[in-house]
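Read off the chains here:
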Amino acid sequence: MRKLFLIMFLVLATLSACTQQKLSFGEVDKVPKKVTEVIDPDAQLQVINRSGKIYYIVFHSQEEVEASLETVDTIALVKLDEMDSKDDEVRQYIYSLTTDQYHDTIDIKVNGESKSYLVTIID
């Protein structure tokens, strides 16, 4: 009976680990239609939440942008650093952030300064 219990526990633990999401971040080229439909072109910074753990970060800037992700305790810290650009055209940058069970807060810093952002939730 103990062996059976141990086997069942190991199977459940393995299945549970397989279904857990990992923290990930990156710029995306293709965005779901539901996301593009709710992008506010007048907002410099917008976060669109889809399916609870997937966030699309939309950032409009006239500058080139270097993006990175750091973690501080339970905070997923997204850094958007603007670099000088040779033209004045506003570009749209879209990043996908997938959170995990350990990170429950998102902080977005633009040029080292925490920024507030418009949040839109879609299904």
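Note that the structure is predicted; figures quoted are calculated from it, not measured.

Criteria and cut-off values
- Residues numbered from 1 in each chain as written.
- Predicted model: local features only at pLDDT ≥ 70, side-chain atom pairs only at ≥ 80, totals over all residues.
- Heavy atoms only, no water.
- pLDDT = per-residue confidence, 0-100.
- Helix = DSSP H or I, 4+ residues; strand = E, 2+ residues; numbered from the N terminus.
- Buried < 20%, exposed > 50% of the residue type's maximum accessible area, 1.4 Å probe, protein only.
- Pairing = 2+ DSSP bridges.
- Salt bridge = Lys/Arg side-chain N within 4 Å of Asp/Glu carboxyl O.
- Contact = heavy atoms within 4.5 Å.
- Axes fitted to C-alpha atoms, helices over the stretch in contact; angles between N-to-C directions.

K.L.:
Even after reading the chapter, I still don't get the confidence of the model for the chain, so can you show me in this structure?
P.N.:
Across the chain, the average pLDDT comes to 86, with 84% of residues at 70 or higher. Per-element mean pLDDT across the chain ranges from 45 in helix H1 (residues 2–19) up to 97 in strand E6 (residues 91–98).

K.L.:
What is the right way to read the pairing of strand E2 (residues 45–50) from this model?
P.N.:
The side chains of a regular strand alternate, residue by residue, between the two faces of the sheet. Counting buried positions along E2 gives five out of six residues, so the element sits mostly inside the fold. The sheet contact formed by E2 and strand E3 (residues 54–61) spans six bridges and is antiparallel. Looking at E3, one finds that Arg-50 is bridged to Ile-54. Between E2 and the antiparallel strand that follows it, E3, lie three residues; Ser-51 among them carries a positive phi value of about 65°. With five bridges connecting them, E2 and strand E9 (residues 118–122) associate as parallel partners. Looking at the pairing, Val-47 lines up with Val-119 of E9.

K.L.:
It is not clear to me how the pairing of E6 should be interpreted in this structure. Could you clarify?
P.N.:
With seven of its eight residues buried, E6 lies for the most part within the structure. Relative to E6, strand E1 (residues 24–27) is paired through four bridges, and the arrangement is antiparallel. Of the residues in E6, the one forming a bridge with Phe-25 is Leu-97. Bridge count for E3 against E6 is eight bridges, and the pairing is antiparallel. Bridging from a neighbouring strand, Tyr-55 pairs with Leu-97 of E6.

K.L.:
Explain the pattern of salt bridges to me, please; I cannot follow it from the model alone.
P.N.:
Note on pairing: side chains with opposite charge can pair once their charged atoms come close. Summed over all chains, the structure comprises three salt bridges. Between Lys-79 and Glu-70 there is a salt bridge; the shortest N-O distance is 2.9 Å. A salt bridge links Lys-115 to Glu-113, with the shortest nitrogen-to-oxygen separation between them at 3.8 Å. A relative accessible area of 34% places Lys-115 in the partly exposed class.

K.L.:
Help me understand the environment of Val-78, please; the structure alone is not making it clear to me.
P.N.:
Within the secondary structure layout, Val-78 lies in strand E5 (residues 75–83). Spatially, the C-alpha atom of Val-78 lies 9.9 Å from that of Tyr-95, the residues being 17 residues apart in sequence. With sequence-adjacent residues up to four places away left out, Val-78 is seen in contact with Phe-25, Ile-57, Ser-68, Leu-69, Leu-97, Asp-107, Ile-108 and Lys-109.

K.L.:
I tried to follow the sheet that holds strand E8 (residues 113–114) on my own but got confused; where do I start?
P.N.:
Picture the strands of a sheet paired through backbone hydrogen bonds; they go either parallel or antiparallel. With mixed pairing, the four strands of this open sheet are ordered in space as E4-E5-E7-E8. Two strands in the sheet have a free side with no partner beyond their single neighbour: strand E4 (64–72) and E8. As paired elements, E4 and E5 share nine bridges and run antiparallel to each other. Following the sheet pairing, Glu-70 is matched in E5 by Leu-77.

K.L.:
Honestly, the sheet that holds E6 in this entry has me stumped. Any pointers?
P.N.:
Here we have five strands laid out as an open sheet, ordered E1-E6-E3-E2-E9, and mixed in their pairing. A strand with exactly one partner marks an edge of an open sheet, and here the two such strands are E1 and E9. Adjacent strand axes in the sheet meet at a mean angle of 20°, parallel and antiparallel pairs treated alike.

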